[in-house]
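Structural overview for review
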Amino acid sequence: MSRKGNCLDNVVIENFFGLLKTELFYLQEFESMEHFKQELIEYLDYYNNRRIKANRKDLLPYYTDSKPFR
């Protein structure tokens, strides 16, 4: 853990929540808490299994997690 006032250990989760808010929360209005929960589950599935990132050489996370990154 970093010292007080140094947030380097929070950068990963801060990035995730920033993406979550811009890609899910701000784009739609939720009718109920159940609707929000369902959309959140679908977004987490997308984020963990189907999202393509350029730094992974355009592969899905499922394929890059099983291979060493080069």
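Structure first, text after, so check above.
Values in this document were obtained by computation on a predicted structure and should not be read as measured data. (Residues numbered from 1 in each chain as written. Predicted model: local features only at pLDDT ≥ 70, side-chain atom pairs only at ≥ 80, totals over all residues. Heavy atoms only, no water.)

1. Section: the overall build of the protein
The secondary structure content of the protein amounts to three helices and zero strands. Going from the N terminus to the C terminus, the protein shows its helices and strands as α-α-α. Here the contacts in the protein between residues at least 6 apart in sequence split such that 12% fall between residues at least 24 apart. (Helix = DSSP H or I, 4+ residues; strand = E, 2+ residues; numbered from the N terminus. Contact = heavy atoms within 4.5 Å.)

2. Considering the packing of aromatic side chains
One pass over the full model with this rule turns up seven aromatic pairs. Here the aromatic cluster, defined as three or more aromatic residues joined through ring pairs, consists of Phe16, Phe17, Tyr43, Tyr46 and Tyr47. (Phe/Tyr/Trp six-rings, centres within 6.5 Å; stacked < 30°, edge-to-face > 60°.)

3. Thoughts on the environment of Leu40
Among the structural elements, Leu40 can be located in helix 2 (residues 33–50). Distance from Leu40 to Leu24, taken between C-alpha atoms, is 7.8 Å for residues 16 residues apart in sequence. With near-sequence residues (within four places) excluded, Leu40 lies in contact with Leu20 and Leu24.

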